Amino acid sequence: MNIIELTDISKVYRTKEIETTALENVNLTVRQGEFISIMGPSGCGKSTLLNIIGLLDRPTGGNVAILGKDCGTLGDTATAHFRNENLGFVFQSFHLIPSLNVAANVELPLLYRKGVSAAQRKTEVENVLERLSMSHRIKHMPAQLSGGQCQRVAIARAIVGRPSIVLADEPTGNLDSRMGAEVMALLHRLNKEDGTTIVMVTHNEAQARETDRIVRFFDGRVIS
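Residues numbered from 1 in each chain as written. Predicted model: local features only at pLDDT ≥ 70, side-chain atom pairs only at ≥ 80, totals over all residues. Heavy atoms only, no water.

**Q** Let's hear about the sheet that holds strand 5 (residues 69-70): which residues, and what values?
**A** Sheet architecture is open: four strands sit in the order 2-1-4-5, paired in antiparallel fashion. The two strands at the open ends of the sheet, each matched to only one other strand, are strand 2 (19-31) and strand 5. Relative to strand 2, strand 1 (residues 2-14) runs antiparallel, the two sharing nine bridges. Counted as the bridge partner of E5 is T29 from strand 2. Across the face of the sheet, helix 1 (residues 46-53) comes into contact with strand 1, strand 2 and strand 4 (61-66) while running at roughly 120 degrees to strand 1. (Pairing = 2+ DSSP bridges. Helix = DSSP H or I, 4+ residues; strand = E, 2+ residues; numbered from the N terminus. Contact = heavy atoms within 4.5 Å. Axes fitted to C-alpha atoms, helices over the stretch in contact; angles between N-to-C directions.)

**Q** Quick one: what's the story with the pairing of strand 8 (residues 197-201), residue by residue and with numbers?
**A** Where burial is concerned, most of strand 8 is hidden: five out of the five residues are buried. Of the pairings in the sheet, the one linking strand 3 (residues 35-39) to strand 8 comprises four bridges and is parallel in character. Note on strand 8: the bridge partner recorded for F35 is I198. One ladder, built from five bridges, connects strand 7 (residues 165-169) with strand 8; its direction is parallel. Across the sheet, the residue bridging to V166 is I198, located in strand 8. Taking the sense of rotation as the criterion, the β-α-β connection linking strand 7, helix 6 (residues 177-194) and strand 8 turns out right-handed. (Buried < 20%, exposed > 50% of the residue type's maximum accessible area, 1.4 Å probe, protein only. Right-handed = clockwise from strand over helix to strand, strands pointing away.)

**Q** Tell me about the pattern of salt bridges, residues and numbers included.
**A** The final tally for this structure, using the stated rule, is 16 salt bridges. When the shortest N-O distance is used, the salt bridge between K11 and D57 registers 3.2 Å. Pair noted here: K11 is in strand 1 and D57 is in the loop between helix 1 and strand 4, with a separation of 46 residues, a long-range link. A relative accessible area of 10% places K11 in the buried class. Sharing partners across several salt bridges, the network here consists of R131, R189, E193 and D194. (Salt bridge = Lys/Arg side-chain N within 4 Å of Asp/Glu carboxyl O.)

Structural data, given as C-alpha cells:
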C-alpha cells in the first residue's frame, strides 16, 4: 500500500520582483512501513518537499495524498487535525519549548487530541519516555539535557500520538557521531518494531545507505 503519493508537485515562491521554483513536477510514492532517505545539496528543495508531505505547506500545483486521503480537499482546521492524528515530526534543532519540562514537551501533541484525558496523556508520556530510556529525565528542562537527550525527547514527542508516518529533517545534524548513531538506531527500531513509515532528509550518505531507499534531489527535481 502506498501511504504517501505525490503527483506532479510544484512549489513556486513569488515576490513582487522575483519568482523562485523550489519544486518542479515531483512524483514520489512511499509504501507503508518503508524507511526512505531524501538526499541532495543544500537549497535543492528537500525541506520544502518534507513540509509539503507534512502538510505544513501547500504546493503551488499537483496533488498530495496521505493514507489515501486527498489532502488538497482539506481546509486548514481539517488539515491540522489530520496532521496531528497521522504525522510526527523530528527536526535538526529539536524545537523543544525551553520553558516546559520533558514531560510537558512530549505531551504537547496529545493536548490537541479530542477525548484524551489527562490521566491517559500522563500514561502515554511515561510509556514513551521509558521506551526511549528518558524516564529519569522526565522533570528536567531542555537546558539540562545533552543534544542527544534533546533529540530523544523530540522523537518521543513525535511518536507519543502513535502516528503512521514520522518525518525527520536532518535528525542527527546537530549531534556528534555517537549520539547520531543512537538516534538512527531509535528510528530503525520504530520502523522495524512498530511498522512506522519514516521519511528522512539527510546529508549523511552512510546513514542514508542504512535505509530502504534513497531519493536523490537536485534543483527541485527527483533525479534518481
